[in-house]
Amino acid sequence: MSEPLILVSTSGAVRTLILNRPAALNSFTGAMHEQLLSALNDAADDLAVRCVIITGAGRGFCAGQDLSDPDMAGADGSAPDVGAVIERRYLPLAQRIRSMPVPVIAAVNGVAAGAGANFALGCDMVIAARSASFIQAFSKIGLVPDCGGTWLLPRLVGRARAIGLAMTGDKLPAEEAQRFGLIWQCVDDAALMDSVALLADKLAALPTKALADTRLALDAASMLDYGQALVLEASMQRELGRAHDFSEGVAAFMQKRAPAFSDR
Ligand code: T3D
């Protein structure tokens, strides 16, 4: 039997997914897309999972689309329908990550290029090893940033840096990515998975539903005016305020004990 393209493990309430095509820097094939989407759906459906970590096997995180995958081949030697690949593979992936009912952490262990970079940046929090880097490789092969890159980049780092990164396709080392505000944190290589595990345990112990709604509200607010954002906040607080986690959080605070959150 062939090796799984996504390795799945669980520790407590934290599910870890490892992209597992190390010889090709975990670049995406159609088969890897299918296994990843299925693993993300499983994590979303499993009420015991309260945080997901995504990382890569070997020396890379993900080099984007596997440029030799049959997914890329046009029929009868004609030009490939790249738009169809995006619609069939990357759009569902980006939307799945953004709609996960639990926080998702990208543990970027090495180079993240093309859709591999933007797939990481679409996660809720990104921690990268000091030796890792981010490359908007698209311009070098005549494409535009995809997998959410055109939306994410200017929001994360501003237009000047977004357009510089996207047009040059230059490698951005993890340390600089942190300085730019592109990622949450850059840590020493040896500390990567321990740092990510600490963060994942912390997020898993927090009120999961409120964290997922926080992502939703922040993303929505970037397209709303101030008044509309205030209205959205009120509507979310109305719903969250009636839920178990809010009463538990307040009770735990009053009773000076640790809360036990359970909403999903
Ligand atoms: O249909 C569509 O295209 C949909 C759209 C998709 C969006 C995208 O993601 S487009 C962008 C695709 N990705 C790239 O253009 C990145 C290509 N890779 C690189 O530029 C370099 O590999 C890196 C800068 C990421 C890393 O460089 P380096 O020197 O550390 O490693 P390497 O030697 O280039 O790669 C190691 C192996 O991985 C090598 O295989 P080999 O020679 O040892 O057998 C290389 O061919 C393979 N590899 C790396 N990236 C890809 C890949 N194989 C297939 N596709 C790749 N994207």
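Residue numbering note: each chain is counted from 1, following its sequence as written. Selection of residues for local features in this predicted model requires a pLDDT of at least 70, selection of side-chain atom pairs for listing and counting requires 80 or more, and totals for whole chains, interfaces and linings are taken over all residues. Note: side-chain values were computed over all heavy atoms of the structure, leaving out hydrogens and water.

A. Representation of the packing of helix H4 (residues 149–157) against helix H5 (residues 159–168). Their axes nearest at 7 Å, the elements H4 and H5 cross at an angle of 135°. As judged from the angle between their axes, H4 and H5 are oblique. Considering how the two elements wind past one another, H4 and H5 form a crossing that is right-handed. Residues Leu 153, Pro 154 and Val 157 of H4 form the contact with H5, whose participating residues are Arg 159, Arg 161 and Ala 162. Each axis is a line fitted through C-alpha atoms, taken for helices only over the stretch in contact, and angles between the N-to-C directions span 0 to 180 degrees. To qualify as a helix, a DSSP run of H or I must reach at least 4 residues; to qualify as a strand, a run of E must reach at least 2; elements of each kind are numbered from the N terminus. Note on terminology: angles under 35 degrees are roughly parallel, angles over 145 are roughly antiparallel, angles of 65 to 115 are roughly perpendicular, and the others are oblique. Note: crossing handedness is left-handed where the near helix turns anticlockwise from the far helix by less than a right angle, and right-handed where it turns clockwise. Only heavy atoms matter for contacts: two residues are in contact if any of them lie within 4.5 Å across the pair.

B. Helix H9 (residues 226–241), seen in detail. Multiply 1.5 Å by the residue count of a helix minus one, and that product is the helix's expected span. For H9, built from 16 residues, the straight-helix expectation of 22 Å at 1.5 Å per residue is met to within 8% by its first-to-last C-alpha distance of 22 Å. Definition of a polar contact: a pair of N or O atoms within 3.5 Å, with one able to donate and the other able to accept a hydrogen when the atoms are protein atoms, and with sequence-neighbouring residues admitted only if both atoms are side-chain atoms. Capping the start of H9 is the job of one residue whose side-chain oxygen sits 3.1 Å from the backbone nitrogen of Gly 227: Asp 225.

C. Molecular detail of the sheet that holds strand S4 (residues 60–62). Following DSSP output, two strands are said to pair if at least two bridges run between them. The four strands are arranged S4-S6-S8-S9 in an open sheet whose pairing can be described as mixed. On the outer flanks of this sheet lie S4 and strand S9 (171–173), each paired with one strand and no other. Direction aside, the axes of adjacent strands within the sheet are offset by 20° on average. Pairing analysis gives two bridges linking S4 to strand S6 (residues 111–113), with the strands arranged parallel. By the bridge assignment, Cys 62 is partnered in S6 with Ala 112.

D. Representation of the site of the ligand within the structure. Nearness of a residue to a molecule or strand requires only that one of the residue's heavy atoms be within 4 Å of it. Taken together, 24 residues are adjacent to the ligand, and Arg 59, Gln 65, Leu 67, Met 72 and Ala 115 come closest. Leu 67 is positioned with one of its backbone polar atoms (N or O) 3.0 Å from a nitrogen atom of the ligand. Between the ligand and Ala 115 there is a distance of 2.9 Å, counted from an oxygen atom to a backbone nitrogen or oxygen. Where accessible areas are quoted, they stem from the Shrake-Rupley method and a 1.4 Å probe; at the residue level, only the protein chains shown are allowed to cover. Protein coverage of the free-state accessible area of the ligand, which is 1000 Å², stands at 63%. Of all the secondary structure elements, the ones that give two or more residues to the shell around the ligand are helix H2 (82–98) and S6. For the shell around the ligand, the element with the most residues is H2, which contributes four residues.

E. Structural detail: the packing of aromatic side chains. For Phe, Tyr and Trp, where Trp contributes only its six-membered ring, two rings pair if their centres lie within 6.5 Å, and the inter-plane angle classes them as stacked under 30 degrees, edge-to-face over 60, or tilted in between. Applying the stated criterion to the full structure yields three aromatic pairs. Considering the side-chain rings of Phe 28 and Tyr 90, the 5.6 Å spacing of their centres and the 85° angle between planes classify their relative orientation as edge-to-face. Within this pair, whereas Phe 28 is found in the loop between strand S2 (14–19) and helix H1 (30–45), its partner Tyr 90 is found in helix H2, the two being separated by 62 residues in sequence. Considered together, Phe 28 and Tyr 90 belong to a single accessibility category, that of buried residues. Here Phe 28 and Phe 119 contribute two aromatic rings whose centre-to-centre distance is 5.5 Å and whose plane-to-plane angle is 75°, an arrangement assigned as edge-to-face. Here the residue Phe 28 occupies a position in the loop between S2 and H1, and Phe 119 occupies one in helix H3 (residues 115–121), the gap between them amounting to 91 residues. The same class applies to Phe 28 and to Phe 119, which are both buried. The cut-offs for exposure are 20% and 50% of the maximum accessible area for each residue type, with area from a 1.4 Å probe on protein chains only; residues under the lower value are buried, those over the upper are exposed, and the others partly exposed.

F. Fine view of the domain arrangement of the protein chain. Domain start and stop points were drawn from an automatic or database domain assignment. With domains assigned, the protein chain is organised as domain 1 (6–204) and domain 2 (208–255). Here the C-alpha centroids of domain 1 and domain 2 sit 27 Å apart. Between domain 1 and domain 2 lies a buried interface of about 810 Å² when both sides are counted; carbon and sulfur atoms form 43% of it. When the area that domain 1 buries against domain 2 is broken down by residue, the three leading residues are Arg 50, Arg 98 and Trp 151, summing to 44%. By definition, a salt bridge exists where a carboxyl oxygen of Asp or Glu is found within 4 Å of a side-chain nitrogen of Lys or Arg. Summed over the shared surface of domain 1 and domain 2, the number is two salt bridges. The closest approach of N and O atoms between Arg 215 and Asp 124, which form a salt bridge, is 2.7 Å. Counting across the interface, domain 1 meets domain 2 through seven residue pairs in polar contact (both at pLDDT 80 or more). Mapped by element, the contributors of at least two residues to the side of domain 1 that touches domain 2 are H2 and H4. What gets called buried area is simply the loss in accessible area from a 1.4 Å probe that two parts show on being joined, summed for both.

G. Region of the structure containing the pairing of strand S3 (residues 51–56). Burial within S3 is extensive, with six of its six residues counted as buried. Pairing analysis gives six bridges linking S2 to S3, with the strands arranged parallel. From the neighbouring strand, Ile 18 faces S3, where its bridge partner is Thr 55. The handedness of a crossover follows from its direction of travel: if, with the strands pointing away from the viewer, the path from the first strand over the helix to the second runs clockwise, the crossover is right-handed. Of the crossover connections in this fold, the one passing from S2 over H1 to the parallel S3 is right-handed.

H. Broad picture of a nonpolar patch on the surface. A cluster of nonpolar side chains, namely Phe 246, Val 250, Phe 253 and Met 254, defines an oily patch on the protein surface of about 470 Å² accessible area. Checked against the element boundaries, Val 250 lands in helix H10 (residues 244–254). Surface patches are defined over residues having more than 30% relative accessible area and no salt bridge, joining like charges when they lie within 9 Å and nonpolar side chains (Val, Leu, Ile, Met, Phe, Trp, Tyr) when within 5 Å.

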